[in-house]
Amino acid sequence: MRTEDQNPNTLTIDQLDTLTMLQVINAEDQTVAAVVARALPAIAQAVDAIVARRQRGGRVVYSGAGTSGRLGVLDAAECPPTYSTPPELVQGIIAGGDYALRHSIEGAEDDAAQGGHDLRARDLNAADVVVGIAASGRTPYVLGALAAAREVGAFTIGIANNVPSPLLDAADIAIPMETGAEVITGSTRMKAGTAQKLALNLISTGTMIRIGKVYGNLMVDVQAKNEKLRQRACRIVAQISGVDLEAAAALLERADYEVKTAIVMARRGVTVTEARTLLDGAGGILRRVID
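Owing to the predicted nature of the structure, the values given are computational and were not obtained by experimental measurement.

1. Let's talk about the environment of G193
Right, so step 1: Inspection of the secondary structure puts G193 in helix α8 (residues 191–210).
Right, so step 2: The buried category is assigned to G193, whose relative accessible area is 4%.
Right, so step 3: For the pair G193 and I133, spaced 60 residues apart in sequence, the C-alpha separation works out to 9.9 Å.
Right, so step 4: In this structure G193 touches T67, L71 and T188, once residues within four positions along its chain are discounted.

Shown next, in the form of structure tokens:
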């Protein structure tokens with residue numbers, strides 16, 4: 001596995017002064033973006049596949065161990081506050097359960113049967129998409145999850161940092177991101193983890209844009225649950241509706257702080273109920289209602 005190779009660029013890193021040491025690490029980090037760029041066609045296919053299954057009521061479930069599992073859980077956790085998605089729409093499962101988010105449970109990744117069991121516990125069905133994430137590309141827990149997904153006809157996506165690898169071979173869509181030898185040999189929380197984080201950002205953000213959670217580049221489904229987010233919601237409503245901030249705040253109050261509802265009320269001159277009905281009829285896509 002290339003991720004286990006010794007990096008020739010960092011053989012003397014422990015002898016460098018601090019600034020030079022960090023410059024060497026940064027230089028290695030800068031190679032990651034190019035790796036992700038080469039994977040963009042596969043990532044685009046993944047987004048389109050997820051959107052198609054979302055239209056059938058499907059969910060996205062990330063499965064990983066260690067750093068990969070934590071990154072999947074993080075990406076899933078950030079979708080509800082940013083895009084007002086129900087918690088079940090994007091889910092993250094990590095080998096060893098929630099305890100493993102803060103503690104190392106290295107042996108958990110070797111249990112393929114548990115990977116399948118944890119996935120089946122989510123009542124997986126054929127409309128769902130399972131994204132397996134593993135730097136090595138051969139983590140038994142993740143391979144077990146993909147095997148369970150195939151049993152019910154769910155769509156599978158594999159993200160791995162070694163090519164070839166069993167995970168990429170097992171997935172309907174393979175996302176290879178060969179980040180190579182790490183700065184510290186085998187420390188895949190570094191370049192491999194960074195590439196995985198970028199790929200997950202692309203997958204979830206691209207999906208949310210496609211299903212109407214974004215208008216222009218504004219997050220029109222943001223949950224306005226604190227002062228910062230309420231101010232952001234006001235600015236969004238004011239900008240799209242062409243009203244001042246005071247009027248935007250009043251609209252948001254009447255709409256229970258549903259940003260898209262408030263915008264439709266302003267742009268179409270309708271009530272809260274009528275605005276929600278119009279959005280429902282448009283599949284929640286604001287542009288179809290106001291443009």
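2. So, helix α5 (residues 112–120)
Right, so step 1: When α5 is considered as a whole, its buried residues turn out to be G115, G116, D118 and L119. For α5, the arc enclosing every buried residue in end-on projection is 160°, short of the 170-degree limit, so these residues lie on one face.
Right, so step 2: If you check the start of α5, you find a side-chain oxygen 3.3 Å away from the backbone N of A113, and it comes from D111.

3. Points about the packing of helix α9 (residues 227–241) against helix α11 (residues 259–268)
Right, so step 1: It is the contact of α9 with α11, at a shortest axis distance of 9 Å, that shows an interaxial angle of 30°. One element, α9, and the other, α11, form an angle in the roughly parallel class. When the axes of α9 and α11 are compared, the crossing they make is right-handed. Between α9 and α11, the residues in contact are A233, I236, V237, I240 and S241 and V259, A262, I263, A266 and R267, respectively.
Right, so step 2: When grouped by side-chain class, the residues that make up the contact of α9 with α11 number 8 nonpolar, 1 polar and 1 charged.

4. With respect to the sheet that holds strand β1 (residues 60–64)
Right, so step 1: Pairing in this open sheet of 5 strands is parallel, and the strands run β2-β1-β3-β4-β5 from one edge to the other. For this open sheet the edge positions go to β2 (90–94) and β5 (173–176), each flanked by a neighbour on one side alone. Sheet twist, expressed as the average angle between the axes of neighbouring strands with direction ignored, equals 15°.
Right, so step 2: On the sheet, helix α6 (residues 140–151) packs against β1, β2, β3 (129–134) and β4 (155–160) and is oriented at approximately 165° with respect to β3.

5. Focus: the side chain of S63
Right, so step 1: Residue position: S63 is located in strand β1.
Right, so step 2: Since its relative accessible area comes to 1%, S63 is described here as buried.

6. Section: the side chain of K260
Right, so step 1: Within the fold, K260 resides in helix α11.
Right, so step 2: Residue K260 is classed as buried on the basis of its relative accessible area of 7%.
Right, so step 3: A polar contact of 3.4 Å, which involves the side chain of K260, links it to the backbone oxygen of G212.
Right, so step 4: At 2.9 Å, the side chain of K260 forms a polar contact with the side chain of D221.
Right, so step 5: Apart from residues no more than four positions distant in its own chain, K260 is found in contact with G212, V220, D221, L279, G284 and L286.

Cut-off values and rules
- Residues numbered from 1 in each chain as written.
- Predicted model: local features only at pLDDT ≥ 70, side-chain atom pairs only at ≥ 80, totals over all residues.
- Heavy atoms only, no water.
- Helix = DSSP H or I, 4+ residues; strand = E, 2+ residues; numbered from the N terminus.
- Buried < 20%, exposed > 50% of the residue type's maximum accessible area, 1.4 Å probe, protein only.
- Contact = heavy atoms within 4.5 Å.
- Arc of directions from axis to C-beta.
- Polar contact = N/O pair within 3.5 Å; in protein donor to acceptor, adjacent residues only side chain to side chain.
- Axes fitted to C-alpha atoms, helices over the stretch in contact; angles between N-to-C directions.
- Parallel < 35°, antiparallel > 145°, perpendicular 65-115°, else oblique.
- Left-handed = near helix turned anticlockwise from the far one by under 90°.
- Nonpolar A, V, L, I, M, F, W, Y, C, P; charged D, E, K, R; others polar.
- Pairing = 2+ DSSP bridges.

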